[in-house]
Every structure is written in structure tokens, then in C-alpha cells.
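As a plain string of letters, each chain reads:
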Amino acid sequence: MKIRATIVQTPDASTLEVLEDHVITVDDDGVITDVSRSTDDSATGLSPVERLPDGVILIPGLVDTHIHASQWPQLGIGLDLPLDEWLFTY
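Residues numbered from 1 in each chain as written. Predicted model: local features only at pLDDT ≥ 70, side-chain atom pairs only at ≥ 80, totals over all residues. Heavy atoms only, no water.

Caption draft 1: Up close: the overall build of the chain. What the chain contains, in helices and strands, is one helix and five strands. Its helices and strands taken in sequence order, the chain reads β-β-β-β-β-α from the N to the C terminus. When the 90 residues of the chain are sorted by exposure, 18% land in the buried category. Sequence separation of at least 24 residues holds for 34% of the intrachain contacts in the chain that already meet a minimum separation of 6. Only carbon and sulfur atoms are counted for the fraction: they give 56% of the accessible area of the chain, which is about 6,900 Å². (Helix = DSSP H or I, 4+ residues; strand = E, 2+ residues; numbered from the N terminus. Buried < 20%, exposed > 50% of the residue type's maximum accessible area, 1.4 Å probe, protein only. Contact = heavy atoms within 4.5 Å. Areas by Shrake-Rupley, 256 points an atom, 1.4 Å probe, with all protein chains shown as cover.)

Caption draft 2: Representation of the environment of Ile59 within the structure. Structurally, Ile59 can be placed in the loop between strand S5 (57-58) and helix H1 (83-89). Assessed through its relative accessible area of 45%, Ile59 is described here as partly exposed. With 50 residues separating them along the chain, Ile59 and Gln9 place their C-alpha atoms 6.1 Å apart.

Caption draft 3: Quick peek at the nonpolar core. Among the nonpolar cores identified, the biggest contains five residues, and these are Ile3, Ile7, Leu19, Ile24 and Val26. Of all the secondary-structure elements, those providing two or more residues to this core are strand S1 (2-12) and strand S2 (15-26). Sorting elements by how many residues they give to this core places S2 first, with three residues. (Core = buried A, V, L, I, M, F, W, Y, C linked by side-chain atoms within 4.5 Å.)

Caption draft 4: Local environment of the pairing of strand S3 (residues 32-37). Here S2 pairs with S3 via five bridges, running antiparallel. Its bridge partner lying in S3, Thr25 is registered against Asp34. (Pairing = 2+ DSSP bridges.)

Structural data, given as C-alpha cells:
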């Protein structure tokens, strides 16, 4: 599968890249095999290319956007254990 979009990636811990009009290639197992610049859909090979709408970005990889920071002010309030102990216990 090939997807053409604006791609945001972090190749290392100190780098953020915004790649406009790039194609990401994903194999049948869901593994990203290539990220490349493309201005012509016909130049991307035999696979059809899905183009994401303008204003939509693609963030490849495992991205955990799940946080519980808003719970920390509640630490120990109304519970029999402090929040961090409660989370580990239950």
C-alpha cells in the first residue's frame, strides 16, 4: 500500500521532520518499507496510491498519545491509596 500525504516523523529523539507531499510505502505485514518524495503518482510504482486530504497529516510508527497527566492533581484524594499505587494495584 502507498499513501501520499504530509508526513510528520521523528527519526531520532532530537529531530522532528515535516515531509510535505511524500509517499509512505507499507508492506502486507504493516511494515513501513519506504518514505520518499513524490510529485507524480505515476512515478510511485505499480501499487495504487491513496492521497490523504489537504490538512491531514500522517504520523507513521507506534505513537502513544494516551496520557493520564490530568489525574496527578487528584493524587491521593478520596482513595485508600495514592494514585500511583492504586494504578499499579488495580
